[in-house]
Amino acid sequence: QKVSVEVLDHLEHLALVDFRDSEGVERLQKAIQFADQLQEVNTDGVEPMDSVLEDRWCLYLREDDVTEGNCTKELLENAREKLEEYFVAPPGNIPLPKLEERETFLQGS
Amino acid sequence: ALKDGLCSQVSAALKEGRVTPTELCQRCLALVKSTKFLNAYITVAEETALKQAEESEERYKRGQPLGILDGIPIAVKDNFNTAGIETTCASNMLKGYISPYNATVVQKLLDHGAVLLGKTNLDEFAMGSGSTDGVFGPVRNPWSYSKQYKEKSVPKSHSEEESDWVITGGSSGGSAAAVSSFTCFAALGSDTGGSTRNPAAHCGVVGLKPTYGLISRHGLIPLVNSMDVPGILTRCVDDAAVLLGSLAGHDPKDSTTIQDDFKPFELPNLTDVSKLSIGIPKEYHAPGLSSEILALWSKAADLFKNAGAKVVEVSLPHTRYSIVCYHVLCTAEVASNMARFDGLEYGHRSDMKDSTESMYAATRREGFNDVVRGRILSGNYFLLKQ
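Residues numbered from 1 in each chain as written. Chains lettered and ligands numbered in written order. Predicted model: local features only at pLDDT ≥ 70, side-chain atom pairs only at ≥ 80, totals over all residues. Heavy atoms only, no water.

## Let's talk about the packing of helix α2 (residues 22-35) of chain A against helix α11 (residues 319-337) of chain B
The N-to-C vectors of α2 of chain A and α11 of chain B enclose an angle of 130°; their axes lie 9 Å apart at closest approach. As the angle between them shows, α2 of chain A and α11 of chain B are arranged oblique. Seen from above, α2 of chain A lies across α11 of chain B with left-handed handedness. Where α2 of chain A abuts α11 of chain B, its residues Ala31, Phe34 and Ala35 of chain A lie against Ile323, Val324, His327 and Val328 of chain B. (Axes fitted to C-alpha atoms, helices over the stretch in contact; angles between N-to-C directions. Helix = DSSP H or I, 4+ residues; strand = E, 2+ residues; numbered from the N terminus. Parallel < 35°, antiparallel > 145°, perpendicular 65-115°, else oblique. Left-handed = near helix turned anticlockwise from the far one by under 90°. Contact = heavy atoms within 4.5 Å.)

## Considerations on the pattern of salt bridges
Counted by the stated rule, this structure contains 16 salt bridges over all chains. Measuring nitrogen to oxygen at the nearest pair gives 3.1 Å for the salt bridge that ties Asp18 of chain A to Arg20 of chain A. The exposure class assigned to Asp18 of chain A is buried, which follows from its relative accessible area of 13%. Classification of Arg20 of chain A by relative accessible area gives partly exposed; the value is 36%. Between Asp18 of chain A and Arg373 of chain B there is a salt bridge, and its shortest N-O distance comes to 3.9 Å. With Asp18 of chain A in the loop between α1 (5-15) and α2 and Arg373 of chain B in helix α13 (residues 370-382), this residue pair bridges two chains. Both residues of the pair, Asp18 of chain A and Arg373 of chain B, count as buried. (Salt bridge = Lys/Arg side-chain N within 4 Å of Asp/Glu carboxyl O. Buried < 20%, exposed > 50% of the residue type's maximum accessible area, 1.4 Å probe, protein only.)

## Structural notes on the sheet that holds strand β3 (residues 115-120) of chain B
All names here are of chain B. Read from one edge of the open sheet, six strands run β1-β3-β2-β4-β6-β5, paired in mixed fashion. Bordering the open sheet on either side are β1 (41-44) and β5 (206-208), each of which pairs with just one other strand. Strand after strand, the sheet turns through a mean of 30° between neighbouring axes, direction not considered. As paired elements, strand β2 (residues 73-77) and strand β4 (residues 186-191) share three bridges and run parallel to each other. By the bridge assignment, Val76 is partnered in β4 with Leu188. (Pairing = 2+ DSSP bridges.)

## So, the interface of chain B and chain A
Residue-level contacts link 55 residues of chain B with 45 residues of chain A. Counting the contacts that link chain B with chain A gives five salt bridges. In this structure, the connection of chain B to chain A is made through 16 residue pairs in polar contact (both at pLDDT 80 or more). Broken down by secondary-structure element, the contributors of at least two residues to the side of chain B that touches chain A are α11, α12 (356-367) and α13 of chain B. Sort the elements by how many residues they give to the side of chain B that touches chain A and α13 of chain B lands first, with ten residues. Grouping the constituent residues of the side of chain B that touches chain A by class yields 24 nonpolar, 18 polar and 13 charged. (Polar contact = N/O pair within 3.5 Å; in protein donor to acceptor, adjacent residues only side chain to side chain. Nonpolar A, V, L, I, M, F, W, Y, C, P; charged D, E, K, R; others polar.)

## Details of the packing of aromatic side chains
Residue and element names in this part refer to chain B. Under the defined criterion, the tally for this structure stands at eight aromatic pairs over all chains. Ring geometry for Tyr381 against Phe382: centres 6.0 Å apart, planes inclined by 75°, an arrangement best described as edge-to-face. Using a relative accessible area of 24% as the deciding quantity, one classes Tyr381 as partly exposed. Since its relative accessible area comes to 22%, Phe382 is described here as partly exposed. Through a chain of ring-to-ring contacts, three or more aromatic side chains come together here, namely Tyr97, Phe125, Phe341, Tyr346 and Phe368. Its end group placed over the ring of Phe185, Arg235 keeps NZ or CZ at 5.2 Å from the ring centre. (Phe/Tyr/Trp six-rings, centres within 6.5 Å; stacked < 30°, edge-to-face > 60°. Lys NZ or Arg CZ within 6 Å of the ring centre and 35° of its normal.)

## Focus on the domain arrangement of chain B
All names here are of chain B. The domains assigned to chain B are domain 1 (7-155 + 164-247) and domain 2 (274-385). One C-alpha centre belongs to domain 1, the other to domain 2; they are set 21 Å apart. Each partner contributes to the interface: domain 1 provides 19 residues, whereas domain 2 provides 21 residues. In terms of surface lost to domain 2, no three residues of domain 1 exceed Met93, Glu124 and Met127, which account for 38% of the buried area on that side. Taken together, domain 1 and domain 2 are joined by zero salt bridges. Of the residues assigned to the side of domain 1 that touches domain 2, the class counts are ten nonpolar, seven polar and two charged. (Domains from an automatic or database assignment. Buried area = accessible area lost by both parts, 1.4 Å probe.)

## Examining a nonpolar patch on the surface
A surface patch of nonpolar side chains, amounting to about 260 Å² of accessible area, comprises Leu270, Leu276 and Phe304 of chain B. Relative to the helices and strands, Phe304 of chain B resides in helix α10 (residues 291-306). (Patch = residues over 30% accessible without salt bridge, like charges linked within 9 Å, V, L, I, M, F, W, Y side chains within 5 Å. Areas by Shrake-Rupley, 256 points an atom, 1.4 Å probe, with all protein chains shown as cover.)

## With respect to the nonpolar core
Counting 54 residues, the largest nonpolar core has Tyr41, Phe80, Val105, Leu109, Leu117, Cys184 and Leu247 of chain B as its most contacted members. Those residues in contact with Leu109 of chain B that lie beyond four places of it in its chain are Leu69, Ile74, Ala114, Leu188, Leu243 and Leu247 of chain B. Listed in part, the 36 residues of the second largest apolar core include Val3 of chain A together with Ala126, Leu223 and Ile376 of chain B. (Core = buried A, V, L, I, M, F, W, Y, C linked by side-chain atoms within 4.5 Å.)

Written as structure tokens, this is what we have:
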């Protein structure tokens, strides 16, 4: 089953990267096909694993003490656009244009 | 014993004054320059390395070296944060990014007096197994220039000879090439699905993937948080043990490191293998396995058998699904981990100004290569609820 254009468009929105060309879409198709092999495995009664550390892993809470910080200057150093102690972003709350209005490879599909 | 390792031998030479840290550093830097065609290094930190070497020399003069690693030149894969030094992950997304901090493992090496020569080349964001997909070009295997390889090749024109080289494997190919070409004594790589072991095998050096949870990942730009580990590349096993000893241990900045106290160990001089059981997983004899590898594998098994170890066939029945599991888990975590690259706080930023989302999209379109984008999209697919 091929992935529908709606799903491909949805993925481009979620990932905020583009498929770019038919090769990109083909790559996804192959990835899905490859992963489908897992359907063959019977996992009845198998507990899901959440960490390779299994029972050695106890995620702990530490004391709520401030142990580091005060590095605003260093953190702003690598930002291209900033103002005083703010990172500057273009206007938010404007969704990406819909498929029909966007310049995307998927338009032709 | 550790005393036999190369690092130990160099350390002894430094203690006895047979060579100074500055001389050692200069010689390694010169070798880095003369092996530039390998493209193993992305950044060479010449000034800071020489400064570190001078400080090491002062310590040796006072008779107070910090340990075996004091004055030893090392290299670090370019996906570890190194304060004041560019960290690119071989991607346009991070070109020009100067880390504001040292990864824990880098800090530990510096605290032991190691001399950081530079950052090594890799596949973009450590995604790949050839070290061919980074924006700075592929890394060449030093063995491409060996007599054995040259003799195997058919005589060629000069330009054909120039392009006749073999890959290092990956993704830590730069680190493997750096160690293999003697430009440094040890290098840090990273290993998620073989990225330290693979290039180590290709370049004929020792590659150690430490058990997850042993070494801190703080400062290692993550690919798959559940599986990444810093990797160790050296020219002998004893050196790998020295490196492991200085890097392992709980880090409060990495909650996935186990909390047990790490006890540094000495490698025993193993001469009696009769108590060892070596398992040979039969499923590893997979379709498509080259006859050369099969022969080497059998040879290794025979070596153990003839030395008195118990060599038995074992079964790992789900072997053929392991790569599929890896593929799904890897892409899913990559989709999540790569989301931080949006141009706002660091790295490449597109000139697109229409909206935040369109700026993010343009930045990521411009900054990532096909492999990275492909994995992000696949990962997002696998994470879909439907």
